[in-house]
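# An overview of the molecular structure
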Amino acid sequence: MSLGNPRLFCRSSVNSALVILLNYLPVEKALWSTLLKKQRELYSQFLKEMIIQPGIAKANLGVSREDVTLEDHPLNPNPDSRWNTYFKDNEVLLQIDKDVRRLYPDMAFFQRPTDYPCLLILDPQNEFETLRKRVEQTTLKSQTVARNRSGVTNVSSPLKTSAPNSLNEYEVLPNGCEAHWEVVERILFIYAKLNPGIAYVQGMNEIVGPLYYTFATDPNSDWKEHAEADTFFCFTNLMAEIRDNFIKSLDDSQCGITYKMEKVYSTLKEKDVELYLKLQEQNIKPQFFAFRWLTLLLSQEFLLPDVIRIWDSLFADDNRFDFLLLVCCAMLTLIRDQLLEGDFTLNMRLLQDYPISDVHLILKKAKELQDSK
């Protein structure tokens, strides 16, 4: 990787690089048109099967009393019951909804209406049930969701200001319109349905957000129009690489997050033993800060444009997640003087509210650490 290379996420070539680096499309551009058409049609099929059809089925089940009492009904304990599946999906949906509504509250983008709402779902002729309506109509409580990922849920960066809690505090868009956060919600819901082993875990919203923003703000109208489908497949491919970070049962395995956090400290020990010993002396464990840094790919530590710049370099590196460890070490060494002088309380504050916003400086330091091997 060279920091002097053109930025992968620059406005002129944003997705040409992104779709290749995340293995969504091949290097041969001649194949792109056919493959994009196929993948976007596949995503439309997902929408029909997992959002439109369940809504129609729910409506139909409520029309006929005979259907409700004999074939299926809301209290049917059978795990194969369509009602049972619908209610379980609602639990996941409520957690997704809660998270995406507060996605990047420091910027208005995700609250604004998209120029390309999903016409398949917002069809005025059919009035299909949107996920937003589904959330508003359910009486389930989000507290019933037990899919929290320890460490991600309650540790939020000061950069992330608190978002409104009530559904009514958000601007109601006219019929036929939908906000960008609603698009992100659909992406995460479809992912959860297709990946029941992991479903949705808090923090995934912070991973999909920058990807969607990159597609949805591209100057090329084709990327922008199909931002939802293209983001879904790129997100799915990225999650295939980092999903172990979100699976608690794998924490202590070699592919788990605990091993990676310890790797940050072992790398720091090689690069700056004095700083390493200071953190050890103060009993500042990597779990206190590196968990969030690594799991969310630093997406909560910086403003969105800076997150995109970091991911630019991260995805371009051949050993992208080894480079992430070096970025974390660079962040530590760049504030070594403050850490060496500070006590436990001060240092924890520094690490949980990282003071340097110049990501180019951080990436430059990470490259120096990489080259010093």
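Calculation criteria
Residues numbered from 1 in each chain as written. Predicted model: local features only at pLDDT ≥ 70, side-chain atom pairs only at ≥ 80, totals over all residues. Heavy atoms only, no water. pLDDT = per-residue confidence, 0-100. Contact = heavy atoms within 4.5 Å. Helix = DSSP H or I, 4+ residues; strand = E, 2+ residues; numbered from the N terminus. Salt bridge = Lys/Arg side-chain N within 4 Å of Asp/Glu carboxyl O. Buried < 20%, exposed > 50% of the residue type's maximum accessible area, 1.4 Å probe, protein only. 1 Å grid on protein atoms, 1.4 Å probe; cavity = no way out; pocket = protein on both sides within 12 Å on 5 of 7 lines; lining within 4 Å. Points joined across faces, edges and corners; volume = space filled by probe spheres on them.

Averaged over every residue, the pLDDT of the protein is 83; the share at 70 or more is 78%. A low-confidence stretch, residues 1-12 stays under pLDDT 50, and its non-local contacts, those more than four residues away or across chains, total 31 contacts. Below a pLDDT of 50 lies the segment residues 150-156, which in the model reaches 14 contacts outside its immediate sequence neighbourhood of four places, other chains included.

Moving on: the environment of Leu340. Mapped onto the elements of the fold, Leu340 is located in helix α15 (residues 336-341). Sequence separation between Leu340 and Lys278 is 62 residues, and the spatial gap between their C-alpha atoms is 6.5 Å. Beyond its immediate sequence surroundings of up to four residues, Leu340 is in contact with Glu274, Leu275 and Lys278.

A separate point is the pattern of salt bridges. Taken as a whole, this structure holds 16 salt bridges when the rule is applied. Where Lys193 meets Asp89, a salt bridge forms, and the shortest distance between an N and an O atom there is 2.7 Å. Separated by 104 residues along the polypeptide, Lys193 in helix α6 (residues 180-194) and Asp89 in helix α4 (residues 82-100) bring together distant segments of the chain. The class of Lys193 is partly exposed, set by a relative accessible area of 28%. Residue Asp99 is joined to Arg102 by a salt bridge in which the shortest nitrogen-to-oxygen separation is 2.9 Å. On the basis of relative accessible area, Arg102 is assigned to the partly exposed category, the value being 33%. One network of salt bridges, with partners in common, ties together Arg40, Asp222 and Asp230.

So, about the layout of surface pockets. In this structure, the second largest pocket occupies an estimated 470 Å³ of space. When residues of the lining of the second largest pocket are assigned to their parent elements, the largest contribution, 4 residues, is made by helix α2 (residues 32-61).

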